[in-house]
Amino acid sequence: VYVCFVFAGLIKHDVVSGREGKFLFAESVFGSEVVMAPRGMVGDEDHVDDDVYLVTFTTDLNSDSSACLIFDAQNVGGGPVAQYHTLNAASEFE
């Protein structure tokens, strides 16, 4: 049995303020589980919980391509702050 978990976008919900930031991927683009990458040192006085980058890999079923997207956790709705498009997997073997 093959089970696949994919995500159609990112949602950041602030449980203190109730605010929500949302970014939806294009049609037929799906993301993987998101990991957090701290911007600074966690022990710093100025550190806040959402002072991180969110990193996910996406798969575009239409173009058979993948990308690594990096989001600012404080502004998820603003879209990725950086992205790296990988090579089309099929093109490597043609």
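Cut-offs used in this document
Residues numbered from 1 in each chain as written. Predicted model: local features only at pLDDT ≥ 70, side-chain atom pairs only at ≥ 80, totals over all residues. Heavy atoms only, no water. Core = buried A, V, L, I, M, F, W, Y, C linked by side-chain atoms within 4.5 Å. Buried < 20%, exposed > 50% of the residue type's maximum accessible area, 1.4 Å probe, protein only. Contact = heavy atoms within 4.5 Å. Helix = DSSP H or I, 4+ residues; strand = E, 2+ residues; numbered from the N terminus. Phe/Tyr/Trp six-rings, centres within 6.5 Å; stacked < 30°, edge-to-face > 60°. Lys NZ or Arg CZ within 6 Å of the ring centre and 35° of its normal. Salt bridge = Lys/Arg side-chain N within 4 Å of Asp/Glu carboxyl O.

1. Some words on the nonpolar core
By size, the foremost hydrophobic cluster in this structure holds 10 residues: Leu10, Phe25, Val29, Val52, Leu54, Ala67, Leu69, Phe71, Ala73 and Val76. With near-sequence residues (within four places) excluded, Phe71 lies in contact with Leu10, Phe23, Phe25, Val52, Tyr53, Leu54, Thr56, Val76, Gly79, Pro80 and Val81.

2. Concerning the side chain of Asp51
Residue position: Asp51 is located in the loop between strand E4 (35-38) and strand E5 (52-60). The residues touching Asp51, leaving out its near neighbours within four places in the chain, are Pro38, Arg39 and Gln74.

3. A word on the packing of aromatic side chains
The final tally for this structure, using the stated rule, is two aromatic pairs. Considering the side-chain rings of Phe23 and Phe25, the 6.0 Å spacing of their centres and the 70 degrees angle between planes classify their relative orientation as edge-to-face. Classification of Phe25 by relative accessible area gives buried; the value is 10%. Positioned over the ring face of Tyr53 is Arg39, at 4.6 Å from the centre of the ring.

4. Digging into the pattern of salt bridges
One pass over the structure, following the stated rule, counts three salt bridges. One continuous salt-bridge network, built from bridges that share partners, spans Arg39, Asp51 and Asp72.

5. What to know about unusual backbone geometry
The residue Ser28 is not glycine, and still its phi comes out positive at about 70 degrees. Take Ser28: it is sitting in the loop between strand E2 (20-24) and strand E3 (29-31). The class for Ser28 is partly exposed, based on a relative accessible area of 22%. The backbone of Asp64 shows a phi angle near 50 degrees, a positive value even though the residue is not glycine. With respect to the element layout, Asp64 can be found in the loop between E5 and strand E6 (65-72).

6. Digging into the environment of Ala8
Tracing the sequence through the fold places Ala8 in the segment before strand E1 (9-13). In this structure, the C-alpha to C-alpha distance between Ala8 and Phe25, residues 17 residues apart in sequence, is 5.7 Å. Aside from chain neighbours lying at most four places away, what touches Ala8 is Leu24, Phe25 and Val29.

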